[in-house]
Amino acid sequence: MTEDAPNRSPAGIVGGATLEEKAGLTSGLNFWFTKPLTRLGIPSIMLTDGPHGVRKQSEGGDHLGLADSIPATCFPPAVALGCSFDAALLERVGVALGSEARAEQVGVLLGPGINIKRSPLCGRNFEYLSEDPLLAGILGTALVRGIQSQGVGASLKHFAANNQETDRMRVSADVDPRPLREIYLRAFQRVVEDARPWTVMCSYNRINGVYSSQNPWLLTGVLRGEWGFDGLVVSDWGAVADRVAAVAAGLDLEMPSSGGRTDQEIVDAVRSGALDETVLDTAAARVVDLVGRVASRADADATYNADDHHALAREAAAASVVLLQNERALLPLPLDVDVALIGELARTPRYQGAGSSRINPTRIDTPLDEINALASGNVAFAAGYLLDGTADDALRTAAVDAAAGAEVAVLFLGLPSELESEGFDRPDLELPSEQRRLLDDVVAANPDTVVVLSNGGVVRVSGFAHKVPGIVEGFLLGQAGGGALADVLFGIVNPSGRLAETIPVRLEDTQSFTNFPGEHGHVRYGEGLFVGYRGFDARRQDVSFPFGHGLSYTTFEYGAAAVTAGDDLAVTVTVTNIGDRAGSEVVQVYVSLPSSAVSRAPRELKGFAKVFLEPGESREVRIAVRRSDLAYWDPRVDAWVVEGGLYTVEVGASSRDIRVTATAEVAGDAVNVPLTLESSIGEVLANPAAAEALSTIFVASGDRQAPALDPAVLAMAASMPIGRILSFGDFGIGEDEIQRLLDAANG
Ligand code: BGC
């Protein structure tokens, strides 16, 4: 079929379909395919995971990752890619993902996942980019653009507020309007508006009591009405509780197949009048439109170069590694170092998470092999521990001996896959106790120890960070991660990853701690806006490593920052590489409004740029901050509002390493909140016309109420609803008169 032939428009095609055919088109054929409608020339297309590789299962299918899939490049999962802070790199990864999907005749790749990391315990944090919505939004946009440039649809997921795995198919995320908009929906909004994904996948959970799959406010009002989404909404696999309600709410495609059961429900609902047939027509037309987009771009002869993609996976992994700590400049290691590599994870790397995103890699580079390939000195290996966590004294003793006999010990620690996965959350942030014990013994034998971490969600490092000079956080680095780690350890690549999430001192410090994972089907997002660094900064809590942190083997110096306020803010700062190695700096722009009338975090990331500088090189870095990113969500008017005032613009190397500060005066949006008898005196006084009317009331009341005009009294009464003044005496004015004055002020 062709996409644009006028007589073959999606609506035209659907016009020729029977009710049963339309109901059929809007649910899956089987686990991964849509239903064909051969009579009308509609082929079936394949949707498949996603997000960091193509998980095309040859036969049957299961979303738990148990059945095998065809080999594909396993790029670094989102947890690592988020730390690259590099949109251009993510777009290239997206292009590679799209080209592999295309070569495998996959029409839609189920990703990226851009949910906010609300708690470090979420078992699926490895699939998500950040605790910050701007970072997740910009990087998600890049991935979608890359994937779709290859004629393959992306599926932005999981829409929305899917921030835990516990009870994920039922739990209601109970979130107030501001955090919902400013934290949990903001990244989705950005990607939808900037990258126009072909599909959005609704999440399993409920939001404020309503399943995402059958939430008209979410799927139609916000997504289409406010953001202009013109693609298809697909359910997460099995997320539909009530198909009729879901279609009515704006769900277009139920996946996987319900075996015809829910198709019949749709047919019955249309026949009984419970579902408007035109709503079904719209959903069916969107399916036809998607199939058209895919089919018109499909290429049976498409191929990709697995070696090139492996090289890109290595580059992306190396750009994502975060050097947390490097005392005494122990790293990079000289190539001829005499090194002990310790830890089973050096030989059997953990490079991706478990569940629906599990990719069957085209190959795997282990740190052990890759370090051996680069090093010219002696490399001794000792496993040190068993991945299943059982204690093994002999392994530990051999590891300690190896450490004692080497110049430097590089200790690979991390979470075995059993401890974190899609489907469940972690109970704590701890490394396995056997690994912690090994660390103590190795450091005692050789103080020059560098810890290399492999983990999908953050682990607590406060128990050992003070004991070792070096910590390299790899998170999960994909199939080429072993080479990337070798490159960073030996300085072939200068590390440039920055933390996309805070590493807390203790789990108990995290803002969601007392509200995670909820109970009895509800989880209360009680921390509100104060997620991640927003909360740690508001409470001035110590953290082990802050959001945005990451070291380099060189040093960057910042000049003064200048801000030009136009419609957007243009922030410029000169950054100089004053070290003797080339490297990349991630220049971060945080914004705040100290005079704000509403609750706000002390600083919020509003822009960033990754710049590569040769030794001695200076560059003027220009970062645009969109006016829309300065807005907060005002629930009084259900709209984004930019408050006027003097904004503080902080430019730095992390959220806690601010190098230069500037200010910018920003004109505010007019907010028209109609005054009522329930409006407070303070709110009335803030409206010039109403303030004048109010003073008229007081003056009319004569001397008796004159003290009420006293500023001190007014300040005390500022929070009293205006209608309530009548309870405090005779002002010579009735409720009707006050209402009339307010109406006049409302205009
Ligand atoms: C996951 C989705 C995934 C789908 C298909 C679901 O369980 O939540 O992320 O795309 O399965 O495997």
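Up top is the structure.
Residues numbered from 1 in each chain as written. Predicted model: local features only at pLDDT ≥ 70, side-chain atom pairs only at ≥ 80, totals over all residues. Heavy atoms only, no water.

Draft legend 1. The overall build of the chain, seen in detail. Of the regular secondary structure elements, the chain holds 23 helices and 28 strands. On C-alpha atoms alone, the chain measures out to a radius of gyration of 29 Å, which is about the 27 Å that the 2.2 N^0.38 rule sets for 747 residues. Principal-axis analysis of the C-alpha atoms places the extent of the chain at approximately 95 × 70 × 50 Å. Of the contacts made within the chain by residues no fewer than 6 positions apart, 77% connect residues no fewer than 24 positions apart. Per element, the accessible surface of the chain, about 26600 Å² overall, is 51% carbon and sulfur. With 61 positive and 98 negative side-chain charges, the chain shows a spacing of 1 Å between the two charge centroids. (Helix = DSSP H or I, 4+ residues; strand = E, 2+ residues; numbered from the N terminus. Rg over C-alpha atoms; globule rule 2.2 N^0.38 Å. Contact = heavy atoms within 4.5 Å. Areas by Shrake-Rupley, 256 points an atom, 1.4 Å probe, with all protein chains shown as cover. Lys, Arg positive; Asp, Glu negative; His and termini not counted. Charge placed at Lys NZ, Arg CZ, Asp CG, Glu CD.)

Draft legend 2. Focus on the pattern of salt bridges. One pass over the full model with this rule turns up 56 salt bridges. For Glu315, the salt bridge goes to Arg92, with nearest N and O atoms at 2.9 Å. One end of the pair, Glu315, is in helix H12 (residues 306-320); the other, Arg92, is in helix H4 (residues 87-103), and 223 residues separate them in sequence. Relative accessible area serves as the criterion here: at 41%, Arg92 is assigned to the partly exposed category. By sharing partners, the salt bridges in this structure join Arg124, Glu127, Glu165, Arg168 and Glu422 into a single network. (Salt bridge = Lys/Arg side-chain N within 4 Å of Asp/Glu carboxyl O. Buried < 20%, exposed > 50% of the residue type's maximum accessible area, 1.4 Å probe, protein only.)

Draft legend 3. Spotlight on the site of the ligand. Contacts to the ligand come from 14 residues, most closely from Asp49, Arg124, His158, Tyr204 and Asp236. Contact distances for the ligand include 2.9 Å between an oxygen atom and a side-chain N or O atom of Lys157. Contacts to the ligand include Glu422, whose side-chain N or O atom sits 3.2 Å from an oxygen atom. Computed on the free molecule, the ligand has an accessible area of 310 Å², of which 100% lies beneath the protein chains in the complex. (Near = heavy atom within 4 Å. Polar contact = N/O pair within 3.5 Å; in protein donor to acceptor, adjacent residues only side chain to side chain.)

Draft legend 4. Seen up close, the sheet that holds strand S23 (residues 604-613). Spatially, 4 strands are ordered S23-S22-S27-S28 in an open sheet, and the strand pairing comes out antiparallel. The open sheet terminates on both sides in strands that have one partner only, identified here as S23 and strand S28 (657-666). Taking the axes of each pair of neighbouring strands and ignoring which way they run, one obtains an average angle of 20° across the sheet. Taken together, the 9 bridges between strand S27 (residues 645-654) and S28 define a ladder with antiparallel strand orientation. Residue pairing for S28: Glu650 is matched across the bridge by Thr661. (Pairing = 2+ DSSP bridges. Axes fitted to C-alpha atoms, helices over the stretch in contact; angles between N-to-C directions.)

Draft legend 5. Representation of the sheet that holds strand S14 (residues 408-414) within the structure. Ordered by their spatial adjacency, 6 strands build an open sheet running S10-S16-S15-S14-S11-S13, and the pairing between neighbours is mixed. Each having just a single partner strand, strand S10 (322-326) and strand S13 (379-382) make up the two edges of the open sheet. Going from strand to strand, the sheet's axes swing by 15° on average, the running direction of each strand aside. Relative to strand S16 (residues 470-473), S10 runs antiparallel, the two sharing 4 bridges. Bridging from a neighbouring strand, Leu323 pairs with Val472 of S16. Packed onto the sheet, helix H14 (residues 367-374) meets strand S11 (339-342), S13 and S14 and runs at close to 170° relative to S13.

Draft legend 6. The arrangement of the nonpolar core in detail. Phe159 and Phe412 are the most contacted members of the largest nonpolar core, which totals 173 residues. Each residue touching Phe159, except ones within four places of it in the same chain, is listed here: Leu185, Phe188, Val200, Met201, Cys202, Ser203, Ser212, Leu218, Leu219, Leu223 and Trp227. Counting 29 residues, the second-largest nonpolar core is a separate cluster that includes Ala561, Val573, Val625 and Tyr647. (Core = buried A, V, L, I, M, F, W, Y, C linked by side-chain atoms within 4.5 Å.)

Draft legend 7. Spatial organisation of the environment of Asn208. For Asn208, the location among the structural elements is in the loop between strand S7 (206-207) and strand S8 (210-211). Between the alpha carbons of Asn208 and Val171 there is a distance of 9.5 Å; along the sequence they are 37 residues apart. Setting aside anything within four residues of it in sequence, one finds Asn208 in contact with Ser172, Ala173, Asp174, Val175 and Leu180.

Draft legend 8. Layout of the packing of H4 against helix H5 (residues 133-148). It is the contact of H4 with H5, at a shortest axis distance of 6 Å, that shows an interaxial angle of 35°. Where H4 crosses over H5, the handedness of that crossing is right-handed. On the side of H4, the interface is formed by Ala87, Leu90, Glu91, Val93, Gly94, Val95, Leu97 and Gly98, while H5 contributes Ile138, Leu139, Ala142, Leu143, Arg145, Gly146 and Ile147. When the residues that make up the contact of H4 with H5 are grouped by side-chain class, the tally is 10 nonpolar, 3 polar and 2 charged. (Left-handed = near helix turned anticlockwise from the far one by under 90°. Nonpolar A, V, L, I, M, F, W, Y, C, P; charged D, E, K, R; others polar.)

Draft legend 9. Seen up close, the environment of Arg102. By secondary structure assignment, the location of Arg102 is in helix H4. Sequence spacing of Arg102 and Glu735 is 633 residues, and the spatial spacing of their C-alpha atoms is 69 Å. Those residues in contact with Arg102 that lie beyond four places of it in its chain are Gln150, Val152, Arg297, Asp299 and Ala302. Among the polar contacts listed, one links the side chain of Arg102 to the backbone oxygen of Arg297, at a separation of 3.0 Å.

Draft legend 10. Focus on the environment of Asp268. When you line up the elements, Asp268 lands in helix H10 (residues 261-272). Along the backbone, Asp268 and Val244 are 24 residues apart, and their C-alpha atoms lie at a distance of 9.5 Å.

Draft legend 11. A look at unusual backbone geometry. Met255 connects to Pro256 through a cis peptide bond whose omega is -5°. The topology assignment puts Pro256 in the loop between helix H9 (243-249) and H10. Cis geometry is adopted by the peptide bond preceding Pro332, which originates at Leu331 and carries an omega value of 0°. Inspection of the secondary structure puts Pro332 in the loop between S10 and S11. Residues other than glycine seldom take positive phi values, yet Asp167 does so here, at roughly 55°. Inspection of the secondary structure assignment puts Asp167 in the loop between strand S4 (153-159) and strand S5 (172-174). Under the relative-accessibility criterion, Asp167 is labelled partly exposed at 26%. Backbone geometry places Arg196, a non-glycine residue, at a positive phi of 45°. Considering the arrangement of structural elements, one finds Arg196 in the loop between helix H7 (186-195) and strand S6 (199-202).

Draft legend 12. A look at the packing of aromatic side chains. Overall, the coordinates contain 10 aromatic pairs when judged by the stated rule. Here the aromatic rings of Tyr184 and Tyr525 are separated by 5.0 Å at their centres, their planes lie at 70°, and the arrangement is edge-to-face. Here Tyr184 is found in helix H6 (residues 177-184), whereas its partner Tyr525 is found in the loop between strand S18 (522-524) and helix H18 (533-538), with 341 residues between them in sequence. Grouping residues by exposure puts Tyr184 and Tyr525 together as buried. By the ring-pair criterion, three or more aromatic residues cluster together here, those being Phe85, Tyr533, Phe547, Tyr590 and Phe608. Looking at Arg181, its charged tip hangs above the ring of Trp633, at a distance of 3.8 Å from the centre. (Phe/Tyr/Trp six-rings, centres within 6.5 Å; stacked < 30°, edge-to-face > 60°. Lys NZ or Arg CZ within 6 Å of the ring centre and 35° of its normal.)

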